[in-house]
Each structure stands twice: as C-alpha cells, then as structure tokens.
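Coordinates in review
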Amino acid sequence: MNGNIDTMQQRMKLQWTKIERKTEKILGEIGSRSPHVASSGQYDDMRLDWWTSGFWPGLLWILHDVTGKEIYRSAAWDWDFKLEQAFARKNNFHHDVGFQFLPTAVMKYKLTGDEEARRRALFAANFLSGRFNMQGRFLRAWNQDKTGWAIIDSMMNLPLLLWAAEETSDPRFRQIACAHADTVLRHFIREDGSVYHIVAFDPDTGEVDEYLGGQGYAPQSSWSRGQVWALYGMAVAYRFTGDIRYLRAAQRVAHYFISCLPADRVPHWDFRTPNPSNEPRDTSAASCAASGLLELAAMLPAEEGRIYRTVAIDIAFSLGERYALLDDLDRHGLLREGTGNKPDGQNVNVSLIYGDYFYVETVAKLLGWQGKVF
Ligand code: GLY
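In short, a report on the structure. It should be emphasised that the depicted structure is a prediction, and the values quoted were computed from it without experimental measurement.

Looking at the overall build of the protein chain
- Along the protein chain, the regular secondary structure elements total 13 helices and eight strands.
- A compact globule built from 374 residues would reach a C-alpha radius of gyration of about 21 Å, and the protein chain, at 19 Å, matches this within 12%.
- A buried classification covers 60% of the 374 residues belonging to the protein chain.
- Nonlocal contacts in the protein chain, meaning residues at least 24 apart in sequence, comprise 68% of its contacts between residues at least 6 apart.
- If you sum the accessible surface of the protein chain, you get close to 14400 Å²; carbon and sulfur atoms cover 47% of it.
- Placing the 42 positive and 46 negative side-chain charges of the protein chain at their respective mean positions leaves the two points 2 Å apart.

Here's what the structure looks like:
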C-alpha cells in the first residue's frame, strides 16, 4: 500500500514540476491577457466579464500557495481589481461570478488578508444573491430575456454565497444558496444520478416550463461537464452546511459519472449521444471530476471514500500521461482535447483554461495541498 502511495506521489511530483515549468513559460508569453481557449497553440485574450476570467489567476494563486514563489503571486495580484473595473463598465456579468471571484478575490483574501479583496468578494456575493428568484427558489442564469432559466453550473457558484455567510455571519447568503441547491435536488438531478443542464421555469409562478439541452446533446442527455458541476458543487454544499442530502446527491451523481467513464477514464463530452465513443473527449470534465471526487472522498470515512479517490487518481494519471501538453513548450495549455460547446461547434478539441485550472487543483490536492478555492 505504502509503495503504491509513494509511486503515486512520485508520478504527481513529476507532473507538478512540469506544470510549474510550463505555467512560467505561458505566463512569460501572455502577460496580462485573460486566457480562455488555446485552439492553435496560443491562449486568446477573452473579455473580463466572460465566466472563465477567474481560472488563470486562480491557477496562479494555487501555484503560489504550494510553492511560495513570488512570480505567481505578483501575476495574480491585480485580477480582483480588474474584475471590479470591468463591473464598473457596461458588462454582462451573471450567475457565474462565483467562478470569477472565488479563485481571485476570495482566494487572495484567504491567502493575504487583503481587505480590498474581501470587499470585492462580498460585492460579488451580493450581486449573486440579487439574482435569486423567490417564487422558483433558484438563482437566475444569464441575462437578457432568460428571466426564468437556471443551470446546473451554478452549483459551483454557491460556494461564494456560503463563504460570504461564514465571513459576515449573515445567514441570508446561506439561505439563498441552500434554497437553490434544494431546487437542484428537486428538478435537476434525475433518479439515476444523471443531470439536466438547463431548467426553464416560469419566472412568475416558479413552475417548470421545460428542460433544455444547453451544452449537452439533448434535453434528456447527460453533458459530462454538467454532471461534474453537480458532483463537485453538491460535495462543497455538504462541506459548508453538513446537510446529508447534498452529500448523498454528490455520491449519486458520482456513481453515475464513474459508471459512464470510458476505459481511459476521460469522458466524452456527453454520455448520451448515439455513438459516444466516436465523439470528442472533454478533458475539462475529467479534471474537474477528479478534483470533485477528491473533495467527496475527503469528507467520508476512508473505506467509503476510497472508490472516489481511486478514480480521481486514475483520471489524474490518464490526463497527465495521455492528454497533457506539459512537455510541449511551444504550445499554450496544460491539457489538450477539451470541449467547450459542442452543439454550437465552439471550442472543440482545444485547451481550455478551466480544464487546466482543475488539473492543477487536482495534482495539488494529490500532493497534499489543503487549500480550498471552491
Ligand atoms: N459554465 C459554462 C460551461 O461549463 O461551459
């Protein structure tokens, strides 16, 4: 057993060393850009109100926390300020402010005690709370005409509210987060552990109007990254609240997810397409699943958590040894074969910054990092 652990640690340490080298190379080349997708070897510069703008600085904060290196800290430092500046202009921020402010403002505050970062994080938590639909008891997704839509991704935004409740001792943040999580239990997670991407509610009555396929193949299909947002988000909701229903939901989704994995443990972009094995992979679903499974395992007795930890390690090995770009210093990205939005034909078979982020989070956890971003 100890031999296995030592081998795992050695393999992870090797991946970590290469992650540091590659990240420093990318950092030197992209400067202050906000990377989202690398489709032809170069990370792009996405606008700051896009949902992915927290992942690169979050990845840098984790690297700083693990290594103590100043290069990562100084590159990550300004991001919560830049997000606030973007908020002050005409913008399209929405439900995903958790993805943006947890790895920036909240992480910076936790690591440095910076009061301005705390203020910005609480501002974002208030903004997110303001999106609560009282009749339907859900956090509204997106803007414009989508007044009654809710999406599974928001499970990963709830930790911003749960953190704010603890930070301010104001239970309203937790009440809203739990009300949304309860709606997800009721309307998003199916009996078999699979999950809807979008539920459209009547914004006045709160009744379900319809289920939408969103980034999945079809309304009744099973978008792999969506399954992971539910798995990881429910596990974190349990960590903050101790509500056993959230833990059991995370386990149910995890069992379904694990049962759908192909032999190399890296999922296709949707588990319910006519011929999944011919479909593109989504390495971002894999890396996020690995980190979420480690979260789940850590909250259970060792014997009960072992299955989740074992699968997480298998995924990490597969990503690092089959799907990583760690030895290719000429192309940006840590992982290849991410799928952003297959139905729209956007960002298929590319490096995605959130895939890279959750890969770093996973390897850091497997090397003993105890920090929490989500
Ligand atoms: N939150 C959007 C996505 O997972 O692509």
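Some points on the site of the ligand
- The environment of the ligand is made up of Trp51, Asp96, Asp153, Gln215, Trp223, Arg225 and Trp229.
- Gln215 is positioned with one of its side-chain polar atoms (N or O) 2.8 Å from an oxygen atom of the ligand.
- Within the side chain of Arg225, one N or O atom sits 2.5 Å away from an oxygen atom of the ligand.
- Contact with the protein chains hides 94% of the accessible area of the ligand, taken as 200 Å² for the molecule alone.
- Class assignment of the residues belonging to the shell around the ligand gives a composition of three nonpolar, one polar and three charged.

Side note on the pairing of strand 5 (residues 198-201)
- Side chains of strand 5 alternate between two faces, with Ile198 and Ala200 and Val199 and Phe201 buried alike.
- Relative to strand 5, strand 4 (residues 149-151) is paired through three bridges, and the arrangement is antiparallel. Pairing of Trp149 across the sheet is with Ala200, part of strand 5.
- Counted between consecutive antiparallel strands, the loop separating strand 5 from strand 6 (residues 208-212) contains six residues, among which Gly206 sits at a positive phi close to 80°.

Notes on the pattern of salt bridges
- Under the criterion given, the structure shown has 31 salt bridges.
- Between Asp282 and Arg225 there is a salt bridge; the shortest N-O distance is 2.8 Å. Of the two residues, Asp282 sits in the loop between helix 10 (244-260) and helix 11 (283-298) while Arg225 sits in helix 9 (residues 224-241), which places them 57 residues apart along the sequence.
- Given the relative accessible area of 1%, Arg225 is considered buried.
- Residues joined in a network through salt bridges with shared partners are Asp80, Glu84, Lys108, Glu116, Arg119 and Arg120.

Describing the sheet that holds strand 5
- Strand order in the open sheet formed by three strands is 4-5-6, with antiparallel pairing between adjacent strands. The open sheet is flanked by strand 4 and strand 6, the only strands paired with a single partner. This sheet shows a mean twist of 25° between the axes of neighbouring strands, independent of strand direction.
- Helix-sheet contacts for helix 8 (residues 171-187) involve strand 4, strand 5 and strand 6, and the interaxial angle to strand 5 is about 105°.

What counts, and at which threshold
- Residues numbered from 1 in each chain as written.
- Predicted model: local features only at pLDDT ≥ 70, side-chain atom pairs only at ≥ 80, totals over all residues.
- Heavy atoms only, no water.
- Helix = DSSP H or I, 4+ residues; strand = E, 2+ residues; numbered from the N terminus.
- Rg over C-alpha atoms; globule rule 2.2 N^0.38 Å.
- Buried < 20%, exposed > 50% of the residue type's maximum accessible area, 1.4 Å probe, protein only.
- Contact = heavy atoms within 4.5 Å.
- Areas by Shrake-Rupley, 256 points an atom, 1.4 Å probe, with all protein chains shown as cover.
- Lys, Arg positive; Asp, Glu negative; His and termini not counted.
- Charge placed at Lys NZ, Arg CZ, Asp CG, Glu CD.
- Near = heavy atom within 4 Å.
- Polar contact = N/O pair within 3.5 Å; in protein donor to acceptor, adjacent residues only side chain to side chain.
- Nonpolar A, V, L, I, M, F, W, Y, C, P; charged D, E, K, R; others polar.
- Pairing = 2+ DSSP bridges.
- Salt bridge = Lys/Arg side-chain N within 4 Å of Asp/Glu carboxyl O.
- Axes fitted to C-alpha atoms, helices over the stretch in contact; angles between N-to-C directions.

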